[in-house]
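Spelled out from the first residue to the last, the chains are:
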Amino acid sequence: MSFRTQCFLALMALGLMAGALARPRAGGVGLAMILAVVGAAAFSWALSRSLRRRAGKLAAALENLEGRPHGRADVDDELGPVVQAWRRVTGRFEARLKEQTLDRARLEAVLAGMLEGVLVVDAQGRIRLVNDAATHLLRLAASPIGHHYLEIIRHPDVTTLVAAALDGGQPSPVELSSPHDPEVVFAARAVPTPDPTRGAVLVLHDTTAVRRTDRIRRDFVANVSHELRTPLTAIRGYLEALQDAPADAPERTAYLAVIARHTAHMERLVRDLLRLARLEAGQDPVEWAPVELPDLFEAVIQDLEPAIAAKRQRVEAHVPREAVTIVTDRDKLKSLLRNLVENASTYSPEATTIRLEAARAGDDVTVQVIDEGPGIPEADLSRIFERFYRVDAGRSRESGGAGLGLSIARHLAERMGSEIRAANRPEGGAVFTVRLPQPATWI
Ligand code: ADP
């Protein structure tokens, strides 16, 4: 029953009372009184029932935080405007809440995608936000959120930074190595968050790769300088000796020969360095073409014939029928094999045999260079492909090598999508294997 009906009933009761008072017949007052009491009772009962029902409706409507009107029935009566106002308010509140949830999801996505580690603490020092990079760099517990940073961060330098930022300071960034892995280096920086949060943000930047590159560059410069200094010192010494020697001194020819040898060494060094630089920069395009392996092996042997003959060595080449034609970059493979065969000859004794063998391995083709030399110490096997790495520096330098040959070979293999491995044969001697991928459709 609406308020209008209830008011109508109330007026009717009042009317009855007025009627009875206006006609003061015998018993009229009594009847009017009875009617008024009954009318008032009925009216109050109806009113309280109606109020209870409306209160129930209003409560249900207020509890419904979705805030959308559900048709006219519940907004049509007198409480309708209250319900509608509430729904508008809750609607706005809900939209704001959604926006905030979205903002947080966006923030979390940005933090998750960042390479930098980020950790946010509130004014009480409790961790409020942390991304994967920070979790990884600081090796944090699985769910540090809500914990005090001192409980969770085990790195004293980092906790000092956070404490300083929480005090409102601007501590200078520091560079630290991970307590779990000294190879991992990172820079840490902490800044106070603006009022009113008064917390702190810790940002971690993994500088391991930058440091490593820096070290490699420094080592490289030191190595090149060292490699150049030796022949340059020798050349200068012999030039001075030449200047001091009488014009017809017989040793002049020997001096000139030494100068020529050292100049050739420097020339080779510079050539190798340039080759390496081009390969590392990816400037050498790969030119795929069908290649006849027996011809390629022959060309490599021909190129090295003088050095091989000088040591009375023999080269045996073997290519099975199924590996005669392969698809590869001819120049790169030739250069790579030339390097391996030259090493095999250099590091093997006189009158030994070097074998050049091809074989099919599934879709791939392998090429091996096998020698009868001393082999490579097990401890050096994994390092011989590094730049400037030499097992026996004295011997290697004597042969004109600067430890760049195998590094070039590895880059050449990588450019062709192949891999190169070194091993020792049980019967003695080294074996280098190059695996050349040959997709079935190429053959
Ligand atoms: P280099 O130009 O000085 O020969 P490489 O990069 O070609 O440098 O080789 C690196 C080192 O690996 C060499 O100094 C040598 O000690 C070792 N090595 C390479 N090939 C062989 C081999 N066939 N037998 C023994 N040692 C080898």
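Attention in this report is confined to the structure presented alongside it. (Residues numbered from 1 in each chain as written. Predicted model: local features only at pLDDT ≥ 70, side-chain atom pairs only at ≥ 80, totals over all residues. Heavy atoms only, no water.)

1. Considering the overall build of the chain
And step 1. A tally of regular secondary structure across the chain gives 13 helices and 12 strands.
And step 2. Burial analysis of the chain (443 residues in total) assigns 37% to the buried set.
And step 3. Pairs at least 24 apart in sequence give 59% of the contacts found in the chain among residues at least 6 apart.
And step 4. For the chain, the accessible surface area stands at approximately 25900 Å², while carbon and sulfur atoms represent 58% of it. (Helix = DSSP H or I, 4+ residues; strand = E, 2+ residues; numbered from the N terminus. Buried < 20%, exposed > 50% of the residue type's maximum accessible area, 1.4 Å probe, protein only. Contact = heavy atoms within 4.5 Å. Areas by Shrake-Rupley, 256 points an atom, 1.4 Å probe, with all protein chains shown as cover.)

2. Description of the sheet that holds strand β3 (residues 174-177)
Paired through backbone hydrogen bonds, the strands of a sheet run either parallel or antiparallel to each other.
And step 1. Judged by pairing direction, the sheet is antiparallel, and its 5 strands sit side by side in the order β2-β1-β5-β4-β3 without closing on themselves. The outermost strands of the open sheet, each flanked by one partner alone, are β2 (127-130) and β3. Strand-to-strand twist of the sheet, defined as the mean angle between neighbouring strand axes without regard to direction, takes the value 25°. (Pairing = 2+ DSSP bridges. Axes fitted to C-alpha atoms, helices over the stretch in contact; angles between N-to-C directions.)

3. A word on the environment of Glu322
And step 1. Examined against the element boundaries, Glu322 turns out to sit in the loop between β7 (314-318) and β8 (325-328).
And step 2. Judged by its relative accessible area of 48%, Glu322 falls in the partly exposed class.
And step 3. Distance from Glu322 to Ala359, taken between C-alpha atoms, is 7.8 Å for residues 37 residues apart in sequence.

4. A word on helix α8 (residues 251-280)
And step 1. The terminal C-alpha atoms of α8 lie 44 Å apart, and with 30 residues this matches the ideal 44 Å at 1.5 Å per residue to within 8%.
And step 2. Burial in α8 covers these residues: Val258, Ile259, His262, His265, Met266, Leu269, Asp272, Leu273, Leu276 and Leu279.
And step 3. Of the residues flanking the end of α8, it is Gly282, one or two places downstream, whose phi is positive at about 70°. (Expected span 1.5 Å × (residues − 1).)

5. Observations regarding the nonpolar core
And step 1. With 49 residues, the main nonpolar core has Leu293, Leu336, Leu337, Leu340 and Phe432 as its most contacted residues.
And step 2. Elements supplying a minimum of two residues to this core: α8, α9 (293-310), α10 (330-347), β9 (353-361), β10 (364-370), α13 (405-415), β11 (419-424) and β12 (430-436).
And step 3. Here this core gets 7 residues from one element, more than from any other, and that element is α9.
And step 4. Apart from the residues lying within four places of it in its own chain, the contact partners of Phe432 are Leu340, Val367, Gln368, Val369, Ile376, Ile384, Phe385, Leu406, Arg421 and Ala422. (Core = buried A, V, L, I, M, F, W, Y, C linked by side-chain atoms within 4.5 Å.)

6. A look at the packing of aromatic side chains
And step 1. One pass over the full model with this rule turns up 3 aromatic pairs.
And step 2. With a centroid separation of 6.3 Å and 80° between ring planes, the pair formed by Phe385 and Phe432 is classed as edge-to-face. Taken together, the positions of Phe385 in the loop between α11 (378-381) and α12 (393-398) and Phe432 in strand β12 put the pair 47 residues apart, joining distant regions of the chain.
And step 3. What makes Phe432 buried here is its relative accessible area of 6%. (Phe/Tyr/Trp six-rings, centres within 6.5 Å; stacked < 30°, edge-to-face > 60°.)

7. With respect to a negative patch on the surface
And step 1. On the surface, Glu292, Asp295, Glu298 and Glu305 cluster together to form a negatively charged patch.
And step 2. Within the element layout of this structure, Glu292 appears in strand β6 (residues 289-292). (Patch = residues over 30% accessible without salt bridge, like charges linked within 9 Å, V, L, I, M, F, W, Y side chains within 5 Å. Salt bridge = Lys/Arg side-chain N within 4 Å of Asp/Glu carboxyl O. Lys, Arg positive; Asp, Glu negative; His and termini not counted. Charge placed at Lys NZ, Arg CZ, Asp CG, Glu CD.)

8. Digging into the packing of α10 against α13
Relative orientation and spacing of two packed helices are given, respectively, by the angle between their axes and the distance between those axes.
And step 1. Two numbers describe how α10 lies on α13: the axes approach to 9 Å, and their chain directions differ by 150°. By the angle class used here, α10 and α13 are roughly antiparallel. Seen from above, α10 lies across α13 with left-handed handedness. Residues Lys332, Ser335, Leu336, Asn339, Leu340 and Asn343 of α10 form the contact with α13, whose own contacting residues are Gly405, Leu406, Ile408, Ala409, Leu412, Ala413 and Arg415.
And step 2. Here the residues of the contact of α10 with α13 sort into 7 nonpolar, 4 polar and 2 charged. (Parallel < 35°, antiparallel > 145°, perpendicular 65-115°, else oblique. Left-handed = near helix turned anticlockwise from the far one by under 90°. Nonpolar A, V, L, I, M, F, W, Y, C, P; charged D, E, K, R; others polar.)

9. Some remarks on the pattern of salt bridges
And step 1. Considering all chains together, one arrives at 26 salt bridges under this definition.
And step 2. Note that Arg128 and Asp122 form a salt bridge whose closest N and O atoms lie 2.9 Å from each other.
And step 3. Residue classification places Arg128 among the partly exposed positions, given a relative accessible area of 39%.
And step 4. Accessibility expressed as a relative area gives 16% for Asp122, which makes it buried.
And step 5. A salt bridge links Asp303 to Lys334; its shortest N-O distance comes to 3.2 Å. Taken together, the residues Asp303 in helix α9 and Lys334 in helix α10 connect sequence positions 31 residues apart.
And step 6. The exposure class of Asp303 is partly exposed, given its relative accessible area of 35%.
And step 7. When salt bridges that share partners are traced, they join Glu175, Arg211, Asp214, Arg217 and Arg218 into one network.

10. As for helix α6 (residues 156-166)
And step 1. Burial in α6 covers these residues: Val158, Thr159, Leu161, Val162 and Ala165. An end-on view of α6 places all buried positions within 155° of arc, on one side of the element. For α6, the exposed residues set more than 90 degrees away from the buried face come down to Pro156 and Thr160.
And step 2. The elements touched by buried residues of α6 are β1 (117-121), α5 (149-152), β3, β4 (185-192) and β5 (200-206).
And step 3. Of the residues trailing α6, Gly168 is marked for its positive phi of about 90°. (Arc of directions from axis to C-beta.)

11. Points about the sheet that holds β10
And step 1. Ordered in space as β7-β9-β10-β12-β11, the 5 strands form an open sheet in which the pairing is mixed. Across the chains shown, the open sheet's two edge strands, defined by having one partner strand only, are β7 and β11. If you compare each strand with its neighbour and ignore which way they point, the axes differ by 15° on average.
And step 2. In this structure, β7 lies alongside β9, joined through 5 bridges in parallel fashion. Its bridge partner being in β9, Ala317 is matched across the sheet by Leu356.
And step 3. Helix-sheet contacts for α9 involve β7, β9 and β10, and the interaxial angle to β7 is about 175°.

12. A look at unusual backbone geometry
And step 1. In this structure, Arg312 takes a positive phi of about 50° despite not being glycine.
And step 2. Along the chain, the position of Arg312 falls in the loop between α9 and β7.
And step 3. The backbone of Phe388 sits at a positive phi, close to 65°, despite the residue not being glycine.
And step 4. On the accessibility criterion, Phe388 (10% relative accessible area) is buried.

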